[in-house]
Amino acid sequence: MPRIFVNAVNDFIIQGGMVSFALADQAMKIDGGKIAAVPPEDVARVTMREQDFAALVDYLNARVADFEREAGRKLGGDAR
């Protein structure tokens, strides 16, 4: 089964009414006893119209607001 994990965004561009970006997986490795990031691997490249991207951002912002209201904390904050 392929490993699909998205934790980075690469090559974000808004131009000519189009939005394009790559969802990527930035893995880590041990190099000389220290943790180091390896170059991100693209998982998916997304291209959409600017108005569709705006609708997606609005949708995500609403879900974030719902989460923060219900959880009583900021998204990405301490889950404890």
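The residue count restarts for each chain, going from 1 along the sequence in the order it is written. Per-residue local features of the predicted model are confined to residues with pLDDT of at least 70, and side-chain atom pairs are confined, for both listing and counting, to 80 or more; whole-chain, interface and lining totals are unaffected and use all residues. Excluded from the side-chain calculation are hydrogens and water; included are all heavy atoms of the structure.

### Here we look at the overall build of the chain
No. 1: Helix numbers and strand numbers start at the N terminus; a helix is a DSSP run of H or I with at least 4 residues, a strand a run of E with at least 2. In terms of regular secondary structure, the chain is built from one helix and five strands.
No. 2: Listed by position from the N terminus, the elements making up the chain come as β-β-β-β-β-α.
No. 3: Atoms counted for the radius of gyration: C-alpha only. Globule rule: 2.2 Å times the number of residues to the power 0.38. Compactness check: the chain gives a C-alpha radius of gyration of 16 Å against a globular reference of 12 Å for 80 residues, more than 25% above the reference.
No. 4: Its C-alpha atoms put the chain at 45 × 40 × 25 Å along the principal axes.
No. 5: Classification of the 80 residues of the chain by burial places 15% in the buried group.
No. 6: By definition, residues are in contact when any of their heavy atoms lie within 4.5 Å. Of all intrachain contacts in the chain linking residues separated by at least 6 positions in sequence, the fraction that spans at least 24 positions is 31%.
No. 7: Computed with the Shrake-Rupley method and a 1.4 Å probe, the accessible areas treat only the protein chains shown as cover for residues. A total accessible area of about 6,300 Å² is found for the chain, and carbon and sulfur atoms account for 57% of it. Each residue's exposure class comes from its accessible area (1.4 Å probe, protein chains only) as a fraction of the maximum for that residue type: buried when under 20%, exposed when over 50%, partly exposed otherwise.

### A look at the packing of aromatic side chains
No. 1: Two rings belonging to Phe, Tyr or Trp (six-membered ring only in the last case) form a pair when the distance between their centres is within 6.5 Å. Interplanar angles under 30 degrees mark stacking, angles over 60 mark edge-to-face geometry, and anything in between is tilted. Counted according to the given criterion, the structure contains three aromatic pairs.
No. 2: Here F12 and F53 contribute two aromatic rings whose centre-to-centre distance is 5.6 Å and whose plane-to-plane angle is 55°, an arrangement assigned as tilted. Of this pair, F12 sits in strand 1 (residues 8–15) while F53 sits in helix 1 (residues 50–71), and the two are 41 residues apart along the sequence.
No. 3: You can call F12 partly exposed: its relative accessible area is 44%.

### Some points on the confidence of the model for the chain
Regions with low pLDDT carry predicted coordinates that are not meant to be interpreted in detail.
No. 1: Every residue carries a pLDDT, the predictor's confidence in it, which falls somewhere between 0 and 100. Counting all residues, the mean pLDDT for the chain is 90, and 92% of those residues have values of 70 or more.
No. 2: Of all the helices and strands in the chain, strand 3 (residues 28–31) carries the lowest mean pLDDT, 86, while helix 1 carries the highest, 97.

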